[in-house]
Amino acid sequence: MKSFHEILRESREKNGLLLREVSSKLQIDQALISKFESGNRKPTRAQVIQLARYYDTDKEELLVQWMSEKVVYELRNEEFADEILKVAEQKMRYLSKSKNEKA
């Protein structure tokens, strides 16, 4: 499974773009983009969307990878991480169901 930063770097390279080109076009510091691609820093949600659009890559896939890594980072040292994720999934289903019933 590819990590978020690997997908990001591969998307840029697939488009034949240099870091400085992306930086200039999106007005994001080149060093910051480099840190995103090396996994040393996480972009904001808005930056993820901006990068997905610019690279013409699947926005949903990139957002899922980005968010899942945020969750893993939070839970990586938790003894009950699996149980936490199960309960969170149940809560998400409940909230989705409640939202759909109100609509």
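Keep in mind that what you see is a predicted model, and the values were worked out from it rather than measured.

Right, let's talk about the overall build of the protein chain for a bit. On a plain count of helices and strands, the protein chain comes out with 6 helices and 0 strands. Counting from the amino terminus, helix and strand elements in the protein chain follow one another as α-α-α-α-α-α. Its C-alpha atoms give the protein chain a radius of gyration of 17 Å, clearly above 13 Å, the size a compact globule of 103 residues would have. Each of the three principal axes of the protein chain carries a C-alpha extent, and together these read 45 × 40 × 20 Å. Taken across its 103 residues, the protein chain has 30% of its residues classed as buried. Split by element, the accessible area of the protein chain, about 7,800 Å² in all, is 49% carbon and sulfur.

Below, the discussion takes up the environment of serine 38. Inspection of the secondary structure assignment puts serine 38 in helix α3 (residues 30-38). Residues serine 38 and glutamate 6, 32 residues apart in the sequence, show an inter-C-alpha distance of 7.7 Å.

Turning to helix α2 (residues 19-26), a few remarks are in order. All of the buried residues along α2 are Leu19, Val22, Ser23 and Leu26. In an axial view of α2, the angular spread of the buried residues amounts to 100°, which keeps them on one side of the axis. Exposed residues on α2 whose side chains face more than 90 degrees from its buried face are Arg20, Ser24 and Lys25. In the core, the buried residues of α2 are packed alongside α1 (4-14), α3 and α4 (45-55). One or two steps after α2, the chain reaches glutamine 27, where phi turns positive at roughly 55°.

What follows covers the confidence of the model for the protein chain. Do not read the fine detail of predicted coordinates wherever pLDDT is low. The predicted model of the protein chain has a mean per-residue pLDDT of 95, with 99% of residues at 70 or higher. No element of the protein chain has a lower mean pLDDT than helix α6 (residues 81-102), at 91, and none a higher one than α3, at 98.

Turning our attention to the packing of aromatic side chains. In this description, an aromatic ring pair is defined by two values, namely the gap between the centres and the angle between the planes. Applying the stated rule across the entire model yields 1 aromatic pair. Aromatic pair tyrosine 54 and tyrosine 55: ring centres 6.0 Å apart, planes at 45°, arrangement tilted. The ring of tyrosine 73 has arginine 76 lying over it, and the distance from NZ or CZ to the ring centre is 4.0 Å.

What counts, and where the lines are drawn
Residues numbered from 1 in each chain as written. Predicted model: local features only at pLDDT ≥ 70, side-chain atom pairs only at ≥ 80, totals over all residues. Heavy atoms only, no water. Helix = DSSP H or I, 4+ residues; strand = E, 2+ residues; numbered from the N terminus. Rg over C-alpha atoms; globule rule 2.2 N^0.38 Å. Buried < 20%, exposed > 50% of the residue type's maximum accessible area, 1.4 Å probe, protein only. Areas by Shrake-Rupley, 256 points an atom, 1.4 Å probe, with all protein chains shown as cover. Arc of directions from axis to C-beta. Contact = heavy atoms within 4.5 Å. pLDDT = per-residue confidence, 0-100. Phe/Tyr/Trp six-rings, centres within 6.5 Å; stacked < 30°, edge-to-face > 60°. Lys NZ or Arg CZ within 6 Å of the ring centre and 35° of its normal.

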